[in-house]
Amino acid sequence: MVRDNAPLLTGRRFESVVLTHADVLTGVSARALTTGLRGARVLGLSRRAKNAVIATDRRRLVIQPGMTGAMFVKRKPTPDDLKYGVLRILLDDRRTFIYHDVRRLGRIRWLDDAGYRRFSNAIGPEPLDPGFTPEALGRALGRSRAAVKKVLMDQKALAGVGNIYANEALFFAGVDPSRAARALTPENHRQLHHHLVRILTQAVRASGTTIRDYRTGRGEPGNFQLELMVYGREGEPCRHCGASLAGTHAIDARITVFCYRCQT
Ligand SMILES: [Zn+2]
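Residues numbered from 1 in each chain as written. Predicted model: local features only at pLDDT ≥ 70, side-chain atom pairs only at ≥ 80, totals over all residues. Heavy atoms only, no water.

A.B. asks: When you look at the domain arrangement of the protein in this model, what are you seeing that I'm missing?
C.D. replies: Interface size is commonly expressed as the accessible surface area that is lost when the partners come together. Domain annotation of the protein identifies domain 1 (2-121) and domain 2 (134-258). Computed from C-alpha atoms alone, the centre-to-centre distance between domain 1 and domain 2 is 29 Å. With twelve residues of domain 1 in contact, the opposing surface of domain 2 contributes 13 residues. A buried area of about 880 Å², summed over both sides, lies between domain 1 and domain 2, and 54% of it is on carbon and sulfur atoms. For domain 1, the biggest contributors to the area lost against domain 2 are Asp 4, Lys 50 and Phe 72; these three give 47% of the whole. Inspection of the region where domain 1 meets domain 2 yields one salt bridge. Note that Arg 218 is salt-bridged to Asp 4, the shortest N-O span being 2.4 Å. One can count two residue pairs in polar contact (both at pLDDT 80 or more) joining domain 1 with domain 2. Elements represented by at least two residues in the side of domain 1 that touches domain 2 include exactly α1 (2-9) and β5 (69-74). Classifying every residue of the side of domain 1 that touches domain 2 by side-chain character gives five nonpolar, two polar and five charged. (Domains from an automatic or database assignment. Contact = heavy atoms within 4.5 Å. Buried area = accessible area lost by both parts, 1.4 Å probe. Salt bridge = Lys/Arg side-chain N within 4 Å of Asp/Glu carboxyl O. Polar contact = N/O pair within 3.5 Å; in protein donor to acceptor, adjacent residues only side chain to side chain. Helix = DSSP H or I, 4+ residues; strand = E, 2+ residues; numbered from the N terminus. Nonpolar A, V, L, I, M, F, W, Y, C, P; charged D, E, K, R; others polar.)

Encoded structure:
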C-alpha cells in the first residue's frame, strides 16, 4: 500500500477533507483531524509495523488498515469509494486520496513528533531492518512462557508479523507453534529468523496475501496466497511429509495451522 501510494501522494497538498465516521480515530477528534489535514503538504510515506505513515509538514497521518482497510489515490472515486471511503482527501492535482474500510476495523492517528516517538517506541523491532539478527529475534521472544506463535504476533515484541506469516514461518522453521517462546534454542532462532525474513520479503515482492479483503494500493489482490504452505490448508496434506495438517484456535483465538510431524 505504501509503495503504491508514495509516488502519488508525495509533494501533494491536501485541499479538502471528508471524514464519514469518527470511530476509526484514536487520540484525535474529527474536527482536529480535518482541520489539521486541510492545507498540509505530504513530505513522504513510510511504514512502521502494520501502519502506513504519511508524513506532512504538520504532523504524521498514521493509518493502520486492519483486516479490511485499503488506501488508493484516484482520479474519480466510484460509488463504492463514496460509501466505504471513511477518509477522503482532495489533493491539489484534483485526484482524491481514499482510505476505504468496509468494516472500519482500521485505526487513524494524527501524531506530532513526540506522539509519534512514543507510538513507535512501543512497537518492537522491524524484522526487515538490516540490524535484525537471530540474536535480536531471541531477545524479542525473551523469557516469555507464552506460546512462540503468540509472542511472534505481539507487536510490542516484534513488528508487523501477522497470523498468516507467523503460521508460515513456524512451519518452515519446524517449530511447534504452541511451544513456550523461552524454550526455543539458538538453532530455532536461527531457522525462524531466516524464514521470517525470507517469507516477509517474498510476500512483499508478491504484493501481499489476499484471502478475502486485502487489496494493494492499486486496488488489486496480492499474490502470496499462491505460495502458502499451511495457512488456510487445515486438513490438507503437508507439502513436506503428507500428514494431514492440524488446525487449532487454542493458542491465541486465531487459527493456527501446523504439521504435527514436521513441527516438533
Ligand atoms: Zn509435515
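A.B. asks: What should I look at first to understand the sheet that holds strand β3 (residues 51-56) in this one?
C.D. replies: Strand pairing in a sheet relies on backbone hydrogen bonds. The paired strands run either parallel or antiparallel. Within the open sheet, the four strands sit side by side as β2-β3-β4-β8. Their pairing is antiparallel. The open sheet has two edge strands with one neighbour each: β2 (42-48) and β8 (107-111). Here the strands of the sheet are splayed against their neighbours by 20 degrees on average, with no regard to which way each runs. Bridging between β3 and strand β4 (residues 60-64) involves four bridges; their strand directions are antiparallel. Considered in β4, the bridge of Val 53 is made with Val 62. Against the sheet, α1 makes contact with β2 and β3, and its axis sits at roughly 170 degrees relative to β2, the strand it touches most. Running over the sheet, helix α4 (residues 113-121) touches β2, β3, β4 and β8 and is turned about 135 degrees from β8. (Pairing = 2+ DSSP bridges. Axes fitted to C-alpha atoms, helices over the stretch in contact; angles between N-to-C directions.)

A.B. asks: Sorry if this is basic, but what is going on with the pattern of salt bridges here?
C.D. replies: Where charged atoms of side chains with opposite charge meet at close range, the side chains can pair. Considering all chains together, one arrives at 17 salt bridges under this definition. The partner of Arg 104 in a salt bridge is Asp 23, with the nearest N and O atoms 2.9 Å apart. Here the residue Arg 104 occupies a position in the loop between β7 (96-101) and β8, and Asp 23 occupies one in the loop between β1 (14-19) and α2 (30-37), the gap between them amounting to 81 residues. Here Arg 104 falls in the partly exposed class, since its relative accessible area comes to 26%. Put simply, Arg 12, Arg 41, Asp 92, Asp 93 and Arg 95 are held in one network by salt bridges that share partners. (Buried < 20%, exposed > 50% of the residue type's maximum accessible area, 1.4 Å probe, protein only.)

A.B. asks: Is there a simple way to explain the coordination of the zinc ion in this structure?
C.D. replies: When a metal carries six donors in an octahedron, the ideal angles between them are 90 or 180 degrees, while four donors in a tetrahedron ideally lie at 109.5 degrees. Taken together, the protein ligands of the zinc ion are Cys 238 (SG), Cys 241 (SG), Cys 259 (SG) and Cys 262 (SG), with distances of 2.3 to 2.4 Å. Around the zinc ion, the four donor atoms sit at angles spanning 101 to 114 degrees, and that spread fits a shape best called tetrahedral. For the zinc ion, the single-chain donor residues occur in sequence as C-x2-C-x17-C-x2-C. (Donors = N, O, S within 2.8 Å, 3.2 Å for Na, K, Ca; no water. Tetrahedral: all angles 85-135°; square planar, octahedral: opposite > 155°, others 65-115°.)

A.B. asks: Explain α1 to me, please; I cannot follow it from the model alone.
C.D. replies: Within α1, burial applies to Val 2, Asp 4, Asn 5, Ala 6 and Leu 9. Tucked into the core, α1 has its buried residues touching β1, β2, β3, β5, β6 (85-91) and β7. Just beyond α1, the residue with positive phi is Gly 11, at close to 90 degrees.

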